[in-house]
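# A structural walkthrough
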Amino acid sequence: MYCPVCFNDTLKIASSGVVKLLFNGKAKSTSQFFYNLSQDKDEELLQKIEDVVKDYFIYYSGFQNKDPIENIDAYSIDFKCENKCVININHKVNVIGLLFSQDELNEIVERLAKKYNIPIDLKDLKR
Ligand SMILES: [Zn+2]
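Note that the coordinates shown come from a computational prediction; the quantities given were computed from them, not determined experimentally.

What follows deals with the nonpolar core. Core analysis: the biggest nonpolar cluster contains 18 residues, and Val53, Ile72, Ala74 and Leu105 have the highest contact counts within it. The leading source of residues in this core is helix α1 (residues 42–60), at 5 residues. Discounting chain neighbours no more than four positions away, the residues touching Leu105 are Ile49, Ile72, Ala74, Ile96 and Phe100.

Now for α1. Under the 1.5 Å per step criterion, the end-to-end length of α1 is 27 Å for 19 residues, consistent within 8% with the ideal 27 Å. What α1 keeps buried is the set Ile49, Val52, Val53, Tyr56 and Tyr60. For α1, the arc enclosing every buried residue in end-on projection is 95°, short of the 170-degree limit, so these residues lie on one face. Opposite the packed face of α1, turned more than 90 degrees from it, sit the exposed residues Glu43 and Glu44.

All right, on to helix α2 (residues 102–116) then. Taking 1.5 Å per residue, 15 residues should reach 21 Å; α2 reaches 21 Å between its end C-alpha atoms and fits that length. Looking at α2, one finds that the buried residues are Leu105, Ile108 and Val109. Burial along α2 is one-sided: seen end-on, the buried residues are contained in an arc of 95°. Projecting away from the buried face of α2 at angles above 90 degrees are the exposed residues Asp103, Lys114 and Lys115. Where α2 is buried, its residues touch α1 and β4 (72–76).

Contact pair α1 / α2: the axes reach a minimum separation of 10 Å and the direction vectors enclose 35°. Helix-helix and strand crossings are classified by hand; for α1 and α2 the assignment is right-handed. Every residue of α2 that contacts α1 at Leu46, Ile49, Glu50, Val53, Lys54, Phe57 and Ile58 is listed here: Glu104, Leu105, Ile108, Val109, Leu112, Ala113 and Tyr116. Looking at side-chain class alone, the contact of α1 with α2 contains 11 nonpolar, no polar and 3 charged residues.

Calculation criteria
- Residues numbered from 1 in each chain as written.
- Predicted model: local features only at pLDDT ≥ 70, side-chain atom pairs only at ≥ 80, totals over all residues.
- Core = buried A, V, L, I, M, F, W, Y, C linked by C-beta atoms within 7 Å.
- Buried ≥ 20, exposed ≤ 12 C-beta atoms within 10 Å, placed from the backbone.
- Helix = DSSP H or I, 4+ residues; strand = E, 2+ residues; numbered from the N terminus.
- Contact = placed C-beta atoms within 7 Å.
- Expected span 1.5 Å × (residues − 1).
- Arc of directions from axis to C-beta.
- Axes fitted to C-alpha atoms, helices over the stretch in contact; angles between N-to-C directions.
- Left-handed = near helix turned anticlockwise from the far one by under 90°.
- Nonpolar A, V, L, I, M, F, W, Y, C, P; charged D, E, K, R; others polar.

Here it is in structure tokens:
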């Protein structure tokens, strides 16, 4: 992967870290989960994402005026560059397609949106 600092193909995700989710650019303090690649099975990772999406949708379902959810970002700063670049909060590295696929995320989001009556208009669903 390309490093956002030195732009070389030298970036690797850390074996454990934190993934944060953003819904239309917003999040709760609980909109994050820990991953550990040496322990988590695929379905455990997906369950963690599902728990975060569910938590946010339950919160969002209480809003009077709900803008459709158009963008969901999943990012981490737990990356290491072979050139020892410092990756910090200014470099939100996307983990969709890395820890889980866009299709897996979409499936969770669509299912829970229906369940909790959340309007969605995901750009990534329009192919
Ligand atoms: Zn670098």
